[in-house]
Amino acid sequence: MSTDVDTKSDTPALRTPTGVWTGVTHHDDRTGSFTVSFAPDGTVALRTPRGVGVGVWSADGPGRFSYELTEIPAPEEDHPSPRRIHVEAHLEGPAYQGTVQVRTPTGATTSVELTADRVAGEPAAWHDVVSLGASIRGRTLLPGDDGFEQACSGWLLTVEHRPAAVVVAADADDVAAAVRFAAEAGRPVAVQSTGHGTSVPADGAVFVATGELRELSVDPRAGTARIGAGLRWDEVIGAAAEHGLAPLCGSSGQVGVMGFLTGGGLPLTGRTYGFAADRVRSLDVVTADGLLRTVSPTQEPDLFWAVRGGKSNFGIVVAAEIELLPLRSLYGGRLHYPVENREHAAHVLRSYLAWAKEQPEEMSSSVTLLRFPDAPQLPEELRGRSLLLVLLVYLGEEERGARLVEPLRALGPEKDTCAAMPYARITEIHQDPRNPVMTHLRSALLTEPDDEAVAELVSFIDPAKPGGPFPGIELRHLGGALDRPPGRPHAVSTQGAAFHLWLRMPAPPDQADAVRRAADEVLARLRRWDTGAMLPGFLFDHDSAPERVRRAYTEADHRRLSAVKAAYDPNHLFRINHTIPPAQDVGASIDR
């Protein structure tokens, strides 16, 4: 929105009220502030501390105009009755003066004087979304409002959002109202809790922030939890642990529960229990028609299947009921291996891969290859070094866990934290960053790495290599329960892969393009071991394009997802994500 107005010229724009004005009303000894936006199409939008309004304006002669609108008070106002407002005004250069007639629903009329100054020559960015706040009990934030930038920012800072409006939802009704408004306005809908899974900028969208949907209750007898979309895993883990129970969670306790579940959820105990989506019993989801639906294996089962793996393509999940497991403790931790040279790194990596093949399903593990710059902000023990980290979770007796880890200890780690620990500390193992990051993320599903793959992988962390980039490459061991059909079918599958590759590279703004090229090179050099498939919870950057999203699903599953999309979101309202377009043949059946 332009904020520069030439107040000295007599341009046609200045002879009409088109633009944005801020002003003050005067009635007896009271004053009130307002901002009003006039568009060339004759529409007018109003914002006041009391509420918002929309209406029409017309020119009544040289320098004179009038407008009429309905002001709708904010939901928290004590007197939420709309008021009819009629204004007669005349322009005086960059200002206008006028008389306001305010009519209440009871028929009472009040006359008020006003003055206003033009602050922009174009309609406000919020012009066509200002009435959204009238139906929202939570906060509605428009560009320029205090808190707007913070509300649409998230953990992953490499994606910037410029939505038309942000709805900080107070409840499911707010979410439904926001979706209905977006559908009527022809705008897409974006949703975010913590922003860990951000992949596409929400430019021009109605952006629904679910961070305040914080319902949390545990039923220890049923072994279930009811969780709101604003929760993070650390909160659920803590509440469940009080009853000797545990949810299936990922490596970070800061990740939002709903993005994790709707992406399928690759948990740290995945080889033992499968995907977290397996343990979802029901979901409350607002669909594109603005309806709140409870879906489960027996209630709208196609939608229930699609949302668990299809992420936000089918609606906004506001709450879920999940199964908890009777897990109080585990054996796990980290082993750090210094990389002296490529040959040593290859030996450690080959040894880990051979060890992983022999492990029971109760052992879930990963290996991470790291290379750090010689930067003063890094801890001394990491500065300028290359490391291999083995991270593991074993669900069994401590003594057996220690025996299983003995071959890894024989490789001479410089740091070994493996020990028995409460399940409530499981997210401490990976030590994922808690604060927002500027990081480029990519992923792939791999076959079993052979010696040639090992050589390629360790070349990326060669300590003799000068300069950057400085990748972090995690290989998560799959198999076990992850390869078995789930008890409650969903749209997530490893598609037979042996390992999941998770690539993370620091991406400061001035190096973003170079980092992307470096990430592309890493994946290109590993292409021989790439299955061509991906996991839907790990689609970032250009992997979120529709043609690449197909890789995250089997052909049959993607076809079924498109059919469900056509049934529940034919106008593709939910497209700010790794998008799954609706099937073109809307009459096509949903294959099961």
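Up top you'll find the structure we're talking about.
Rules and cut-offs
- Residues numbered from 1 in each chain as written.
- Predicted model: local features only at pLDDT ≥ 70, side-chain atom pairs only at ≥ 80, totals over all residues.
- Heavy atoms only, no water.
- Helix = DSSP H or I, 4+ residues; strand = E, 2+ residues; numbered from the N terminus.
- Buried < 20%, exposed > 50% of the residue type's maximum accessible area, 1.4 Å probe, protein only.
- Contact = heavy atoms within 4.5 Å.
- Areas by Shrake-Rupley, 256 points an atom, 1.4 Å probe, with all protein chains shown as cover.
- Lys, Arg positive; Asp, Glu negative; His and termini not counted.
- Charge placed at Lys NZ, Arg CZ, Asp CG, Glu CD.
- Axes fitted to C-alpha atoms, helices over the stretch in contact; angles between N-to-C directions.
- Parallel < 35°, antiparallel > 145°, perpendicular 65-115°, else oblique.
- Left-handed = near helix turned anticlockwise from the far one by under 90°.
- Nonpolar A, V, L, I, M, F, W, Y, C, P; charged D, E, K, R; others polar.
- Disulfide = S-S within 2.5 Å.
- Expected span 1.5 Å × (residues − 1).
- Polar contact = N/O pair within 3.5 Å; in protein donor to acceptor, adjacent residues only side chain to side chain.
- 1 Å grid on protein atoms, 1.4 Å probe; cavity = no way out; pocket = protein on both sides within 12 Å on 5 of 7 lines; lining within 4 Å.
- Points joined across faces, edges and corners; volume = space filled by probe spheres on them.
- Pairing = 2+ DSSP bridges.
- Salt bridge = Lys/Arg side-chain N within 4 Å of Asp/Glu carboxyl O.
- Phe/Tyr/Trp six-rings, centres within 6.5 Å; stacked < 30°, edge-to-face > 60°.
- Lys NZ or Arg CZ within 6 Å of the ring centre and 35° of its normal.

**Student:** When you look at the overall build of the protein chain in this model, what are you seeing that I'm missing?
**Tutor:** Secondary structure summary: the protein chain contains twelve helices and 25 strands in total. For the protein chain, the spread of C-alpha atoms along the principal axes amounts to about 90 × 55 × 50 Å. Across the 592 residues in the protein chain, those meeting the buried criterion constitute 53%. Across the protein chain, the fraction of contacts at a sequence separation of at least 24, relative to all contacts at a separation of at least 6, is 68%. Carbon together with sulfur atoms contributes 49% to the accessible area of the protein chain, which is approximately 25000 Å² in total. With 58 positive and 77 negative side-chain charges, the protein chain shows a separation of 3 Å between the mean positions of the two kinds.

**Student:** Teacher, can you tell me more about the packing of helix H6 (residues 301–310) against helix H12 (residues 555–568) here?
**Tutor:** Think of two packed helices as two axes; the pair is described by the angle between the axes and how far apart they sit. Relative orientation of the contacting elements H6 and H12 amounts to 120 degrees, with a least axis distance of 10 Å. If you check the angle between H6 and H12, you find them oblique. In this structure, H6 crosses over H12, and the sense of that crossing is left-handed. Counted together, Asp302, Leu303, Trp305 and Ala306 of H6 and Asp557, Arg560, Leu561, Val564 and Tyr568 of H12 form the full contact between these two elements. Its residues assigned to classes, the contact of H6 with H12 comprises six nonpolar, no polar and three charged.

**Student:** Where do I start with the state of the cysteines in this structure?
**Tutor:** Here a disulfide denotes one covalent bond, and it connects the sulfur atoms of two cysteines. Tallied over the entire structure, the rule returns zero disulfides. With no disulfide of its own, Cys418 lies 17 Å from the sulfur of Cys249, the closest cysteine sulfur. Residue classification places Cys418 among the buried residues on the basis of a relative accessible area of 8%.

**Student:** Explain helix H2 (residues 172–185) here, please?
**Tutor:** One turn of an α-helix holds 3.6 residues; hence residues three or four places apart share an orientation. With 14 residues, H2 should reach 20 Å at 1.5 Å per residue; the first-to-last C-alpha distance of 20 Å fits that figure. Residues Asp174, Val175, Ala176, Ala177, Ala178, Val179, Phe181 and Ala182 constitute the buried set of H2. Taken together, the buried residues of H2 touch strand E10 (165–168), strand E11 (189–192), strand E12 (206–209), strand E15 (280–286) and strand E17 (316–323). A side-chain oxygen of the first residue of H2 lies 3.2 Å from the backbone nitrogen of Asp173; this N-cap is Asp171.

**Student:** Looking at this structure, how should I read empty space enclosed by the protein?
**Tutor:** Over the atoms, a rolled probe matching the size of one water molecule traces out where space is still vacant. Summed over all chains, the structure comprises three cavities of 30 Å³ or more. By volume, the largest cavity amounts to about 50 Å³. Around the largest cavity, the lining residues are Leu268, Ser364, Ser365, Ser366, Leu391, Leu392, Val393, Ile429, His430 and Arg476. Counting residues per element, the ones that place at least two in the lining of the largest cavity are strand E19 (363–371) and strand E20 (386–394). Here the residues of the lining of the largest cavity are counted per class, giving five nonpolar, four polar and one charged.

**Student:** How should I be thinking about the side chain of Ser364 in this particular structure?
**Tutor:** Position of Ser364 among the secondary structure elements: in strand E19. Classification of Ser364 as buried rests on a relative accessible area of 7%. A polar contact is formed between the side chain of Ser364 and the backbone nitrogen of Arg271, at a distance of 3.3 Å. Setting aside residues up to four positions removed in sequence, Ser364 forms contacts with Leu268, Thr269, Gly270, Arg271, Thr272, Leu391, Leu392 and Val393.

**Student:** What am I meant to see in the sheet that holds strand E16 (residues 292–295) here?
**Tutor:** Hydrogen bonds along the backbone pair up the strands of a sheet, which may run parallel or antiparallel. Judged by pairing direction, the sheet is antiparallel, and its five strands sit side by side in the order E13-E14-E17-E15-E16 without closing on themselves. Each having just a single partner strand, strand E13 (216–219) and E16 make up the two edges of the open sheet. Strand-to-strand twist across the sheet, computed as the mean angle between neighbouring axes with direction ignored, equals 10 degrees. Pairing of E13 with strand E14 (residues 224–228) involves four bridges; the strand directions are antiparallel. In the strand pairing of E14, Leu216 is matched with Ile227.

**Student:** Honestly, unusual backbone geometry in this entry has me stumped. Any pointers?
**Tutor:** Excluding glycine, most residues fall at negative phi; most peptide bonds, likewise, are trans. The backbone of Gln431 shows a phi angle near 55 degrees, a positive value even though the residue is not glycine. Relative to the helices and strands, Gln431 resides in the loop between strand E22 (419–422) and strand E23 (439–446). Positive phi outside glycine occurs at Asp541, with the angle close to 55 degrees. For Asp541, the position within the fold is in the loop between helix H10 (512–525) and helix H11 (546–549).

**Student:** Help me out: how do you make sense of the pattern of salt bridges in this one?
**Tutor:** Close approach of charged atoms allows side chains of opposite charge to pair. Within this structure, the stated rule accounts for 36 salt bridges. Salt-bridge contacts for Glu160 lead to Arg162; the nearest nitrogen and oxygen are separated by 3.3 Å. Each of the two residues, Glu160 as well as Arg162, counts as exposed. Beyond isolated ion pairs, a larger network of salt bridges with shared partners links Arg442, Asp520, Asp543 and Arg548.

**Student:** Is there a simple way to explain the pairing of E14 in this structure?
**Tutor:** Both faces of the sheet carry side chains from a regular strand, because those side chains alternate between them. With respect to burial, E14 is a largely interior element, four of its five residues being buried. Judged from the five bridges that link them, E14 and E17 form a sheet pairing that is antiparallel. Note that in E17 the partner of Gly228 across the bridge is Ala319.

**Student:** How should I be thinking about the packing of helix H7 (residues 342–357) against helix H9 (residues 451–459) in this particular structure?
**Tutor:** Two elements in contact, H7 and H9, have axes whose closest approach is 9 Å; the angle formed by their N-to-C orientations is 130 degrees. By the angle between their axes, H7 is oblique relative to H9. Note that H7 runs across H9; the crossing there is right-handed. Seen from H7, the contacting residues are Arg342, Ala345, Ala346, Leu349, Arg350 and Leu353; seen from H9, they are Asp451, Val454, Ala455, Leu457, Val458 and Ser459.

**Student:** Mind showing me how you'd approach the packing of aromatic side chains here?
**Tutor:** One pair of aromatic rings is described through two measures. These are the centre distance and the angle between the planes. A complete count under the given rule lists eleven aromatic pairs for this structure. Look at Trp21 and Tyr96: their rings are 4.8 Å apart centre to centre, the planes differ by 70 degrees, and that puts the pair in the edge-to-face class. On the criterion of sequence distance, the pair formed by Trp21 in strand E1 (residues 19–27) and Tyr96 in strand E7 (residues 95–103) is long-range, its members being 75 residues apart. Both residues of the pair, Trp21 and Tyr96, count as buried. Summarising the aromatic geometry, the rings of Phe38 and Trp57 are spaced 6.2 Å apart at their centres and angled 90 degrees between planes, so their arrangement reads as edge-to-face. Pair noted here: Phe38 is in strand E2 (residues 30–38) and Trp57 is in strand E4 (residues 51–61), with a separation of 19 residues, a long-range link. Under the relative-accessibility criterion, Phe38 is labelled buried at 0%. You can call Trp57 buried: its relative accessible area is 14%. Taken together, Trp21, Phe38, Trp57, Phe65, Tyr67 and Tyr96 form an aromatic cluster joined through their ring pairs. One Lys or Arg, Arg47, reaches over the ring of Trp126 and ends 5.3 Å from the middle of that ring.

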